[in-house]
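Coordinates in review
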Amino acid sequence: MAKAEAYCVEMKRNVTIFEAREYFLGLPEPRQKLTFLCGDERCRAILRPAVIGENYHKAKDAPDKRKSPCFRENVHHQHIGNCTWISNSIPGEIAPTAKAHNARVSQVCAELGLIFRPYPGRRKAKPIDATDITASTTSIHEAGAHGSHSRSSKGKQRPETNRFMATVAMLHLNFTEEQKRKTPLVIENIVDGSFYDVCTWVKWFHPRYQSRHIYYGRCDVESLTNVIMVKFWGKISPVGDRDDKTATAEISLSKAWLIEENTYLLSVLEGLAKPKKIKEEALCYFFSEEPPKVRHFPSKHEGGQGRTVARFSVESLDHIAVIPLSELTEPEHVEHDK
């Protein structure tokens, strides 16, 4: 049954709330609260959404325990459309409860906005732990186009989530046009904008503005011996010439890296790479300040033009997300890459 179990990071498996209580109360003092994630493995692979465990830290006969222990959704954390933890549903169909949950998440985000911290260690304040998955808010000052604080020092409260790029992708793909334009999205110390102007089709790539955008586009996934290749459908110009787009944009991810840091994501990518009668569509979102490495491959046939590849790199797996379109609660909002 949905919500009967959740994934406990410390126990490294799905557990009931009573198993979590038994484990927690068996820990030596001082005890640290446990961390719970969505119980759906595929949802956890893509978004790693946190969920809330209530009253598991109190003994059965605790005098201040007025409510039975349970798991419940976290309003700041998005789930995929087919998430079984939100609601058991028929495969391929979006459960009404999943739509309702993600509508609440979208509304919270639309009111507060999100801030992307690609390099948390560079800040003078206490660095953010990259493994922290609990929901929180942070006071963010408006940043100038090139990282200088300008216009106002008034802070805004904005929720943070763990798999940040996947969360940005899911929200952007499910947002209406109006929500994209109105919802703030900041790349810390680089640009303060909205989902509409920060998230940009990869075909509009320009090296001068590269760091100010999160690029996205439809893609194919190919599994090779040691790497996963994410290949975008649209062509780009590595120098930003909109009238001369001849290079194929792609990203190479080491399987060793994925195995070490995110085996769930590897399984999703491998699933997208498998040959199917009907190929599953996906979109890739990524952030990279490093200019793509451009390489020209001559044609194997005499007189052929060959091909040019622009290969981007990502500094962290949190800087890339690949979202199957089947996981969206509002697929009708997805734009066509024309």
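In short, a report on the structure. In this text the structure is predicted, and so the values were computed from the model without any measurement.

Another aspect to go through is the sheet that holds strand β1 (residues 5-8). The five strands lie next to each other as β2-β1-β3-β4-β5, forming an open sheet whose pairing is antiparallel. The sheet terminates laterally at β2 (13-16) and β5 (70-72), the two strands that pair on one side only. Bridge count between β1 and strand β3 (residues 36-37): two bridges; the pairing is antiparallel. In the strand pairing of β3, Cys8 is matched with Phe36.

Applying the stated criterion across every chain yields a total of twelve salt bridges. The shortest N-O distance in the salt bridge between Glu281 and Arg218 comes to 2.8 Å. Highlighted residues: Glu281 in the loop between α8 (263-273) and β15 (282-286) and Arg218 in strand β12 (residues 214-223), separated in sequence by 63 residues. Residue class for Glu281 comes out partly exposed when judged on its relative accessible area of 34%. Overall, Arg218 belongs to the buried group, its relative accessible area being 7%.

For the rest of this paragraph, the subject is the packing of aromatic side chains. According to the stated counting rule, one finds 14 aromatic pairs in the structure shown. On the basis of an interplanar angle of 80 degrees and a centroid distance of 5.4 Å, the ring pair of Phe24 and Tyr56 is categorised as edge-to-face. One end of the pair, Phe24, is in helix α1 (residues 17-25); the other, Tyr56, is in the loop between β4 (50-54) and β5, and 32 residues separate them in sequence. Neither Phe24 nor Tyr56 differs from the other in exposure class; each is buried. The interplanar angle of 10 degrees and the centroid separation of 4.8 Å between the aromatic rings of Tyr216 and Tyr285 together place this pair among those described as stacked. Of this pair, Tyr216 sits in strand β12 while Tyr285 sits in strand β15, placing them 69 residues apart in sequence. With a relative accessible area of 0%, Tyr285 lands in the buried category. A connected cluster of aromatic rings, assembled from ring pairs, spans Phe205, Tyr215, Phe232, Phe286 and Phe312. Arg31 extends its terminal NZ or CZ atom over the ring of Phe24, reaching a point 5.6 Å from the ring centre. Sitting above the plane of the Phe297 ring, Arg307 keeps its charged end 4.7 Å from the centroid.

What counts and how
- Each residue is numbered by its place in its chain's sequence as written, counting from 1.
- Where totals are concerned, whole chains, interfaces and linings use all residues; where local detail is concerned, this predicted model gives features only for residues with pLDDT of at least 70, and gives and counts side-chain atom pairs only at 80 or more.
- Derived side-chain values reflect all non-hydrogen atoms in the structure, with water molecules and hydrogen atoms excluded from consideration.
- Strands are treated as partners if at least two bridges between them are detected by DSSP.
- Secondary structure elements follow DSSP: runs of H or I of four or more residues count as helices, runs of E of two or more count as strands, with numbering from the N terminus.
- One speaks of a salt bridge when a side-chain nitrogen belonging to Lys or Arg is within 4 Å of a carboxyl oxygen belonging to Asp or Glu.
- The buried label applies to any residue whose accessible area, calculated with a 1.4 Å probe on protein chains only, is under 20% of its type's maximum; exposed applies above 50%, and partly exposed to all values in between.
- Put simply, two rings from Phe, Tyr or Trp (the six-membered ring, in Trp's case) pair if the centres are within 6.5 Å, and we call them stacked under 30 degrees between planes, edge-to-face over 60, tilted for the rest.
- Charge-over-ring placement is defined geometrically: NZ (Lys) or CZ (Arg) within 6 Å of the ring centre, and within 35 degrees of the ring normal.

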